[in-house]
Amino acid sequence: MDFLRPASWEEALAAKAEHPTAVPIAGGTDVMVEINFDHRRPEYLLDLNRIGELREWEVGADTVRLGASVPYTDIMENLRAELPGLALASHTVASPQIRNRGGVGGNLGTASPAGDAHPALLAADCEVEAESVRGSRLIPIDEFYTGVKRNALAPDELIRAVHIKKADGPQQYSKVGTRNAMVIAVCAFGIALHPETRTVRTGIGSAAPTPIRAKAAEEFLNAALEEGGFWDSKKIITPSVAKQFAELASGAANPIDDVRGTANYRRHAVGIMARRTLGWTWESYRGAGRSTEGVA
């Protein structure tokens, strides 16, 4: 195994072009586990740790440009207002040591359906900035996941950053694991209210071959909120609406049985998390001082 250590982004792109099978490593929290357990033995490792710009972020008017290697700890500490869903998801990542090393770029590159960042990214909406010596492009998150641990990157492309829409409403994230920390998700659910467009987006993790959105649930809820005048009145969402949203979210899941949980349990848990996170986000939207009676 050869170890490539570019000193700049341009050198990294050149190395990836010369060695398309090279596996990028930054935090190493996924790659090193696979190597240590001999599940993977790449011919080349492409070390990106000398490229400082990958650990930087920029807050714009509408989006946050998040460098691929920005640690989860920095997201939690510095971007909670702009990216609340992703900050909540970051809290659930492994241990403090892993959160100090791992970043969203690694989650996207690995494209595991159990990656903690995926539901929050899907719910918030974002684009992945991919680049090669041929040029750069932005890949919508809805088009990024192409199969089990597969993504839309070309062999010579690297992830440079993620452009995530700044929150214009409440966001939430929920994760089920076999214990409270240092655990791979049994399943996870993210939700984001977008009052400016009067829409709701969701993300489901570890309950399908790829991270997915519960699109039928979103369409139902968007119609129910609009037709019922909920966005303007901020009244309590009726239990029947919440129940139908949860059932549709559960129906979007396409899970498997594995050592962490059964398919039936995952479907059930997704529905529970959908109902709860909808309740939490809607109560935040309604505002402090209002009745706390709502979706249970």
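Residues numbered from 1 in each chain as written. Predicted model: local features only at pLDDT ≥ 70, side-chain atom pairs only at ≥ 80, totals over all residues. Heavy atoms only, no water.

Moving on, we come to the sheet that holds strand β5 (residues 63–67). Backbone-to-backbone hydrogen bonds pair the strands of a sheet. The strands run either parallel or antiparallel. With antiparallel pairing, the 5 strands of this open sheet are ordered in space as β4-β5-β10-β6-β7. With one partner strand each, in any of the chains shown, β4 (57–59) and β7 (135–140) form the two edges of the open sheet. For this sheet the average axis-to-axis angle between neighbouring strands, irrespective of direction, equals 20°. Pairing of β5 with strand β10 (residues 158–165) involves 5 bridges; the strand directions are antiparallel. Note on β10: the bridge partner recorded for R65 is H163. Its contacts with the sheet put helix α1 (residues 9–18) on β6 (126–132) and β10, and the angle it makes with β10 is roughly 120°. (Pairing = 2+ DSSP bridges. Helix = DSSP H or I, 4+ residues; strand = E, 2+ residues; numbered from the N terminus. Axes fitted to C-alpha atoms, helices over the stretch in contact; angles between N-to-C directions. Contact = heavy atoms within 4.5 Å.)

When you line up the elements, T202 lands in strand β13 (residues 199–205). In terms of polar contacts, T202 uses its side chain to reach the backbone amide nitrogen of A214, at 3.0 Å. (Polar contact = N/O pair within 3.5 Å; in protein donor to acceptor, adjacent residues only side chain to side chain.)

A separate point is the side chain of K16. Take K16: it is sitting in helix α1. Of the buried charged residues, K16 lacks a salt bridge, with D156 as the closest side chain of opposite charge at 7.8 Å. With sequence-adjacent residues up to four places away left out, K16 is seen in contact with T21, A22, L46, P155, D156, E157 and L158. (Buried < 20%, exposed > 50% of the residue type's maximum accessible area, 1.4 Å probe, protein only. Lys, Arg positive; Asp, Glu negative; His and termini not counted. Salt bridge = Lys/Arg side-chain N within 4 Å of Asp/Glu carboxyl O.)

On the UniProt side, "domain: FAD-binding PCMH-type" (unreviewed entry) is annotated at positions that read residues 1–169 here. Taken as a whole, residues 1–169 contains 30% helix and 26% strand, while its terminal C-alpha atoms sit 47 Å from one another. (UniProt positions renumbered as here; feature names shortened; annotations may be inferred.)

Right, let's get into the sheet that holds β13. Read across the sheet, 3 strands follow the order β11-β12-β13 without closing on themselves; strand pairing throughout is antiparallel. The open sheet has two edge strands with one neighbour each: β11 (171–176) and β13. Direction aside, the axes of adjacent strands within the sheet are offset by 10° on average. In this sheet, strand β12 (residues 187–194) lies alongside β11 in antiparallel orientation, the contact comprising 6 bridges. Paired with S174 across the strands is F189, a residue of β12.

The subject of this paragraph is the pairing of β13. With respect to burial, β13 is a largely interior element, 6 of its 7 residues being buried. In this structure, β12 lies alongside β13, joined through 7 bridges in antiparallel fashion. Note that in β13 the partner of H194 across the bridge is T199. From the end of β12 to the start of β13, which pair antiparallel, there are 4 residues, and R198 there has a positive phi angle of about 55°.

Right, let's talk about the packing of aromatic side chains for a bit. Remark: the centre distance and the inter-plane angle together describe each pair of aromatic rings, the angle taken between the planes. With the rule as written, the count across this model stands at 6 aromatic pairs. Pairing F230 with W282 gives two aromatic rings, centres 6.5 Å apart and planes at 80°, and the pair type is edge-to-face. Pair noted here: F230 is in helix α9 (residues 230–233) and W282 is in helix α11 (residues 263–286), with a separation of 52 residues, a long-range link. Each of the two residues, F230 as well as W282, counts as buried. Ring centres 5.3 Å apart and planes at 80° place the aromatic pair W231 and Y285 in the edge-to-face group. Of this pair, W231 sits in helix α9 while Y285 sits in helix α11, and the two are 54 residues apart along the sequence. A cation over an aromatic ring shows up here: K234 above the ring of Y285, its NZ or CZ 4.8 Å from the ring centre. Against the face of F230 rests K235, its NZ or CZ located 4.9 Å from the ring centre. (Phe/Tyr/Trp six-rings, centres within 6.5 Å; stacked < 30°, edge-to-face > 60°. Lys NZ or Arg CZ within 6 Å of the ring centre and 35° of its normal.)

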